[in-house]
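# Observations on the three-dimensional arrangement
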Amino acid sequence: MTETITNNEGLINQEIQKTEQRNRIETSAALIENPIRDGEIGADKVFIQADSISHNDDSRKWIINISSQDSSVVLDDKWKEKLSLENSPIVMDLRKGGGEKKLISGGTWVWVEDSKGNKNLALMRRDKGAPFDAFCLTGPAGRCGEKLSKTSIDETNQEFIFLKSNNSSENRLLTFYRNEEDKEEAVRQKLRQVGEVFKALMDNYEKTGNQQSKDDSEYLVTSINGEENLELIKLNEVKDEEQELDEIIMTIDGKEVDKVKGIAFMDEGNNTLEVREVVNIKLPEGSTLSKVMDGEVFLRKTSLIPEKELKSLKDDKLVPALRNYIERIANK
């Protein structure tokens, strides 16, 4: 009898936990207030939807309003069932448009400037397995399942590995954060990333014999041994204020909950507002970026594109947000 009671209590506790998790993520407003953290079930699988987006050309101000009555959006039907979000649409439902609700994507355009003032834009090319925009050049970005200011940080840390070589020849892994409370999660995220990318590179070497994969894996793990090899960069201190930026405000039922400055672009074809903060990493004399790599396990090709060569990319395959950005800064 005691064992039966104990088992029943365990089942009840599991159901309570599932209900609490569902309540936490079943609406867009709940996600904004209490997002799914990196490493938790459902991370990067549940997103917000905007009830309305308004734009004032004169003030360069965009307002994203989220209704407390709107559900969250799930990546696909598999995750919809797994997370018991029966009332939530899937991403493709919103991408197809046909309604007023919009998806929101956040990220950054990362410039790297050397001591002589030469600037390069960090990009990567999506692989053939990408669900959208395969083979297109892009920057770090993803759909928002939290405040825009959090998405910018997370996507930049997740999608790129920037190794900086200092005057002492020691390498540092650039790690971005916005507020003091973000630091611990960012450090944990980057250290885990090193292990995951190392394994992906070695798996690729064993499968294909690609020597570059082996060299990159060894360079990565010999450069980064622990937190002491990270260089934490506060995003607000490396923002590029020289570009003409938009102000993007996020509200819940009209009440402001977040605000960033960046480049906003309404991608009508994908029913998504694309927002990118602009970052400029200025390297001191004697410092270089010794390695730029895909921060995820897809091993996508990365590039540093000189500022003066950006216009030449117009004939390449680009995600819509990048094409808009190139056209925008080319006309400034």
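This is a predicted model, so every value here is computed, not measured.

### Remarks on the overall build of the protein chain
Within the protein chain, the regular secondary structure consists of 8 helices and 17 strands. Over its C-alpha atoms, taken along the principal directions, the protein chain stretches across nearly 70 × 55 × 40 Å. Going through the 332 residues of the protein chain one by one, you find that 48% of them count as buried. As displayed, the protein chain has an accessible area near 16700 Å², and 44% of this comes from carbon and sulfur atoms. Across the protein chain, the centroid of the 49 positively charged side chains sits 3 Å from that of the 64 negatively charged ones.

### A closer look at the nonpolar core
Of all hydrophobic cores here, the largest spans 26 residues; its most connected members are Ile-48, Ile-104, Leu-148, Ile-248 and Leu-273. Within the residue set of this core, elements represented by two or more residues are α2 (28–33), β4 (61–66), β13 (246–252), β14 (255–267) and β15 (272–282). Apart from residues no more than four positions distant in its own chain, Ile-48 is found in contact with Ser-28, Leu-31, Ile-32, Ile-66, Val-73, Lys-102, Leu-103, Ile-104, Cys-144, Gly-145, Glu-146 and Met-250. Counting residues in hydrophobic clusters, the runner-up holds 19 residues, among them Trp-111, Ile-263, Tyr-325 and Ile-329.

### Let's talk about the pattern of salt bridges
Scanning the entire structure with this criterion turns up 25 salt bridges. We note a salt bridge from Asp-246 to Arg-60, for which the minimum N-O separation is 3.1 Å. Here Asp-246, found in strand β13, pairs with Arg-60, found in the loop between β3 (52–56) and β4; they are 186 residues apart in sequence, far enough to count as distant. Residue Asp-246 is classed as buried on the basis of its relative accessible area of 2%.

### Points about the sheet that holds strand β16 (residues 288–294)
Adjacent strands of a sheet pair through backbone hydrogen bonds, lying either parallel or antiparallel. Strand order across the open sheet formed by 4 strands is β12-β11-β10-β16, with mixed pairing between neighbours. What marks the edges here is a single partner per strand, and that holds for β12 (230–234) and β16. Mean inter-strand twist for the sheet, computed between neighbouring axes without regard to direction, equals 35 degrees. Here 3 bridges tie strand β10 (residues 160–165) to strand β11 (residues 171–177), and the two strands are oriented antiparallel to one another. Of the residues in β11, the one forming a bridge with Ser-165 is Asn-171. Sheet strands in contact with helix α5 (residues 148–159) are β10, β11 and β16, and its direction is about 155 degrees off that of β11. Sheet strands touched by helix α7 (residues 211–223): β10, β11 and β16. Its angle to β16, the strand with the most contacts, is close to 120 degrees.

### Examining helix α8 (residues 320–330)
Of the residues making up α8, those classed as buried are Ala-321, Leu-322, Asn-324, Tyr-325, Ile-326 and Ile-329. Of the surrounding elements, those touching the buried residues of α8 are β6 (102–113), β7 (119–125), β8 (137–138), β14 and β15.

### Description of the packing of helix α6 (residues 183–208) against α7
Put simply, α6 and α7 touch, their axes get as near as 8 Å, and they point 155 degrees apart. Put simply, α6 runs roughly antiparallel to α7. The interaxial crossing formed by α6 with α7 has left-handed handedness. Judged by residue contacts, Val-194, Val-197, Phe-198, Leu-201, Met-202, Asn-204 and Tyr-205 of α6 engage Gln-211, Ser-213, Lys-214, Asp-216, Ser-217, Leu-220 and Val-221 from α7. Of the residues assigned to the contact of α6 with α7, the class counts are 8 nonpolar, 4 polar and 2 charged.

Rules used throughout
Residues numbered from 1 in each chain as written. Predicted model: local features only at pLDDT ≥ 70, side-chain atom pairs only at ≥ 80, totals over all residues. Heavy atoms only, no water. Helix = DSSP H or I, 4+ residues; strand = E, 2+ residues; numbered from the N terminus. Buried < 20%, exposed > 50% of the residue type's maximum accessible area, 1.4 Å probe, protein only. Areas by Shrake-Rupley, 256 points an atom, 1.4 Å probe, with all protein chains shown as cover. Lys, Arg positive; Asp, Glu negative; His and termini not counted. Charge placed at Lys NZ, Arg CZ, Asp CG, Glu CD. Core = buried A, V, L, I, M, F, W, Y, C linked by side-chain atoms within 4.5 Å. Contact = heavy atoms within 4.5 Å. Salt bridge = Lys/Arg side-chain N within 4 Å of Asp/Glu carboxyl O. Pairing = 2+ DSSP bridges. Axes fitted to C-alpha atoms, helices over the stretch in contact; angles between N-to-C directions. Parallel < 35°, antiparallel > 145°, perpendicular 65-115°, else oblique. Left-handed = near helix turned anticlockwise from the far one by under 90°. Nonpolar A, V, L, I, M, F, W, Y, C, P; charged D, E, K, R; others polar.

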